[in-house]
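The lines below spell out each chain.
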Amino acid sequence: MSKIISVTNQKGGVGKTTTCVNLAASLTAIKRKVLLIDMDPQGNATMGSGIDKNQIDFTLDDLLLENGQMDKTLLAAKSGYDIIPSNHRLTNAEVALLGQHGREFVLKNVLKDVRNNYDFILIDCPPSLNILTVNALVASDSVLIPIQCEYYALEGLAGLLNTIKSLISSVNEDLAIEGVLRTMFDGRNNLTQDVSNELQQHFADYLYNTVIPRNVRLAEAPSYGLPALHYDKRSQGAIAYLALAAELVRRNSK
């Protein structure tokens, strides 16, 4: 049975898209069938998967507004996973959904016929709690939260967890926390270590053992339309995301 995971954090710049693209590639490398959904109008996950967001005929926007067909929208990324791409047109869906009855359940309905074709479906959410993010969370089984170990991280995480609890009580009672992932980690920085220790103290049940380091190759890879695994498989970033994929699979095998 497949699992749908939203990768989200209301704070931008914490590595959501980097995590989606690299985790999708890493899960594919260990023989899992993966679908990545780009739920952000910026289309960064699309570009990071080697697809020009400005040169595609059908996007997630078409599926959400019932103007397209899944078989025409699904694309194959260079790294072996499937992707439902997005670009600026997704803003059209964001506006249109606001006036639609049952607007929170549109993505869930879109995915019902394809979810069992995959082991994992990853959703790259925008950095805000808008109707697109709500659709992602309603369609998901769990939430993966990337977090950078910085001053405001703990406060932001507590707020996000409260938001998720609210959604669980109102629109998706089965939604669970998949895990909290420390990203852009620099162990030489005292603040990073302090925040990491606080996370271990207060959120130990959610925290992944795997830590994603601050890594130049991870930052360079998207400009080539590749995950780090296919840009430089020996880089610390690529190795870390392979470890994360293995940890995710182990957790879901229990």
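Coordinates for the structure precede this section.
Residues numbered from 1 in each chain as written. Predicted model: local features only at pLDDT ≥ 70, side-chain atom pairs only at ≥ 80, totals over all residues. Heavy atoms only, no water.

(A) Fine view of the packing of helix H5 (residues 90-97) against helix H7 (residues 131-139). Look at H5 against H7: their axes get within 9 Å of each other, and the N-to-C directions meet at 85°. With respect to their mutual orientation, H5 and H7 come out roughly perpendicular. Note on element contacts: H7 touches H5 through Ile131, Leu132 and Asn135, opposite Leu90, Glu94 and Leu97. Each residue belonging to the contact of H5 with H7 can be placed in one class, and the counts come to 4 nonpolar, 1 polar and 1 charged. (Axes fitted to C-alpha atoms, helices over the stretch in contact; angles between N-to-C directions. Helix = DSSP H or I, 4+ residues; strand = E, 2+ residues; numbered from the N terminus. Parallel < 35°, antiparallel > 145°, perpendicular 65-115°, else oblique. Contact = heavy atoms within 4.5 Å. Nonpolar A, V, L, I, M, F, W, Y, C, P; charged D, E, K, R; others polar.)

(B) Expanded view of helix H8 (residues 153-170). A rise of 1.5 Å per residue sets the reference length of H8, with its 18 residues, at 26 Å; its end C-alpha atoms lie 26 Å apart and thus fit the reference within 8%. When we look at burial in H8, the residues that qualify are Ala153, Leu157, Leu160, Leu161, Thr163, Ile164 and Leu167. For H8, the angular spread of the buried residues around the axis is 160°, confining them to a single face. Residues Glu155, Lys165, Ser169 and Ser170 are exposed on H8 and point more than 90 degrees away from its buried face. Those residues of H8 that are buried are in contact with H7, strand E6 (142-148), strand E7 (176-185) and helix H9 (190-202). (Expected span 1.5 Å × (residues − 1). Buried < 20%, exposed > 50% of the residue type's maximum accessible area, 1.4 Å probe, protein only. Arc of directions from axis to C-beta.)

Such coordinate-based values are descriptive only and should not be taken to indicate function.
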